[in-house]
Amino acid sequence: MRKLVILLILITLISQTQARPNGIDSSGNNGCVCHGAADDSTSVNLEGLPEIYNTSATYQLTLSIDSEVEANNPQGGFRIILSHGILSGEVVELDGGYTHNESTNNQRSWNLIWTPPESSDELVTFTVHANAVNGNDESTGDEWNSNSYAVPGPDYDGDIEKPNIDSSASSAQKIVAAIGLIAVISLVIIAVRD
């Protein structure tokens, strides 16, 4: 009976890595790190941004993922961290950023609308993480990458620098992974001793 309980706990721990069809929250702010390291064979593009934004305009944007990952139907997801303004269209706001939802996770291209801030002296930055998914309901075989953009307002007078992208796991993600690994190893040792 004890081995059965340990086996059920192991299965529960292993199954914690799952698809996020309803989008990714702030745990995706450093990228899709649950799917391994960023992969340069996958590109993330946000098209339609102006060189300088107009406070009274809205901009039609297209976010696309170009990847060699094959699936029965194209599947993907994204997380966008935007410093100023509002995104709408095929996005939902979640935990301080924007992401796909269940009805738009079966594609690798999304139509977005960006409304810039009312202030004309801002530097607006976009950090975009996107994942090309193969549809096997696991984190294996997927590829992701990131890109960043900076768009100044007409009265912005500072340096125009894109955000640096840190695609490493956050401290919290590392701690959770370490605790999970220790728990799995402990349970395996207990099971072997019985």
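Residues numbered from 1 in each chain as written. Predicted model: local features only at pLDDT ≥ 70, side-chain atom pairs only at ≥ 80, totals over all residues. Heavy atoms only, no water.

**Quick notes on the overall build of the protein**
Now for step 1: Within the protein, the regular secondary structure consists of 2 helices and 9 strands.
Now for step 2: Starting at the N terminus, the α and β elements of the protein follow one another as α-β-β-β-β-β-β-β-β-β-α.
Now for step 3: Counting over 194 residues, the protein shows a buried share of 34%.
Now for step 4: Pairs at least 24 apart in sequence give 72% of the contacts found in the protein among residues at least 6 apart.
Now for step 5: Split by element, the accessible area of the protein, about 11000 Å² in all, is 51% carbon and sulfur. (Helix = DSSP H or I, 4+ residues; strand = E, 2+ residues; numbered from the N terminus. Buried < 20%, exposed > 50% of the residue type's maximum accessible area, 1.4 Å probe, protein only. Contact = heavy atoms within 4.5 Å. Areas by Shrake-Rupley, 256 points an atom, 1.4 Å probe, with all protein chains shown as cover.)

**What about the side chain of Ser 64?**
Now for step 1: Mapped onto the elements, Ser 64 comes out in strand S2 (residues 59-66).
Now for step 2: Judged by its relative accessible area of 19%, Ser 64 falls in the buried class.
Now for step 3: Beyond its immediate chain neighbours, meaning those up to four positions away, Ser 64 contacts Ser 43, Val 44, Asn 45, Arg 108 and Ser 109.

**Notes on the packing of aromatic side chains**
Now for step 1: Per the stated rule, a full pass over the model turns up 4 aromatic pairs.
Now for step 2: Seen from their ring centres, Phe 78 and Trp 110 are 4.8 Å apart, and the 65° between their planes marks the pair as edge-to-face. Taken as a pair, Phe 78 in strand S3 (residues 75-82) and Trp 110 in strand S7 (residues 109-115) lie far apart in primary sequence, 32 residues in all.
Now for step 3: Taken together, the ring pairs in this structure connect Tyr 53, Tyr 59, Trp 114 and Phe 126 into an aromatic cluster. (Phe/Tyr/Trp six-rings, centres within 6.5 Å; stacked < 30°, edge-to-face > 60°.)

**Regarding the sheet that holds strand S9 (residues 143-152)**
By definition, the strands of a sheet pair up through backbone hydrogen bonds, in either a parallel or an antiparallel sense.
Now for step 1: Ordered by their spatial adjacency, 5 strands build an open sheet running S5-S6-S3-S8-S9, and the pairing between neighbours is antiparallel. A strand with exactly one partner marks an edge of an open sheet, and here the two such strands are strand S5 (92-94) and S9. Ignoring which end each strand starts from, the neighbouring axes of this sheet average 25° apart.
Now for step 2: Pairing of S3 with strand S6 (residues 97-99), which is carried by 2 bridges, proceeds in the antiparallel orientation. (Pairing = 2+ DSSP bridges. Axes fitted to C-alpha atoms, helices over the stretch in contact; angles between N-to-C directions.)

**Structural notes on the nonpolar core**
Now for step 1: Ranked by internal contacts, the top residues of the largest apolar core, which has 24 residues, are Leu 63, Ile 80, Leu 87, Trp 114 and Phe 126.
Now for step 2: At 5 residues, strand S8 (residues 123-133) tops the list of elements feeding residues into this core.
Now for step 3: Residues in contact with Leu 63, not counting those within four places in the same chain, are Val 44, Asn 45, Leu 46, Phe 78, Ile 80, Arg 108, Ser 109, Trp 110, Leu 112 and Val 128. (Core = buried A, V, L, I, M, F, W, Y, C linked by side-chain atoms within 4.5 Å.)

**A short note on the environment of Glu 68**
Now for step 1: Mapped onto the secondary structure, Glu 68 falls in the loop between S2 and S3.
Now for step 2: Residue classification places Glu 68 among the exposed positions, given a relative accessible area of 63%.
Now for step 3: Sequence separation of Glu 68 and Glu 143 is 75 residues, and the distance between their C-alpha atoms is 8.5 Å.

**Some remarks on the pairing of S2**
Now for step 1: Bridge analysis of strand S1 (residues 43-47) against S2 gives 5 bridges, and the strand direction is antiparallel. Residue Val 44 lies in a different strand from S2, and its bridge partner there is Ile 65.

**Focus: the sheet that holds S1**
Now for step 1: Read across the sheet, 4 strands follow the order S1-S2-S7-S4 without closing on themselves; strand pairing throughout is antiparallel. Two strands bound the open sheet, and with one partner strand each, they are S1 and strand S4 (86-89). Taking each pair of neighbouring strands and ignoring which way they run, the sheet shows an average axis angle of 30°.
Now for step 2: Bridging between S4 and S7 involves 4 bridges; their strand directions are antiparallel. Directly across from Leu 87, in S7, lies its bridge partner Trp 114.

**Structural notes on the environment of Gly 96**
Now for step 1: One can find Gly 96 in the loop between S5 and S6.
Now for step 2: Placed 14 residues apart in sequence, Gly 96 and Leu 82 show a C-alpha to C-alpha distance of 8.6 Å.

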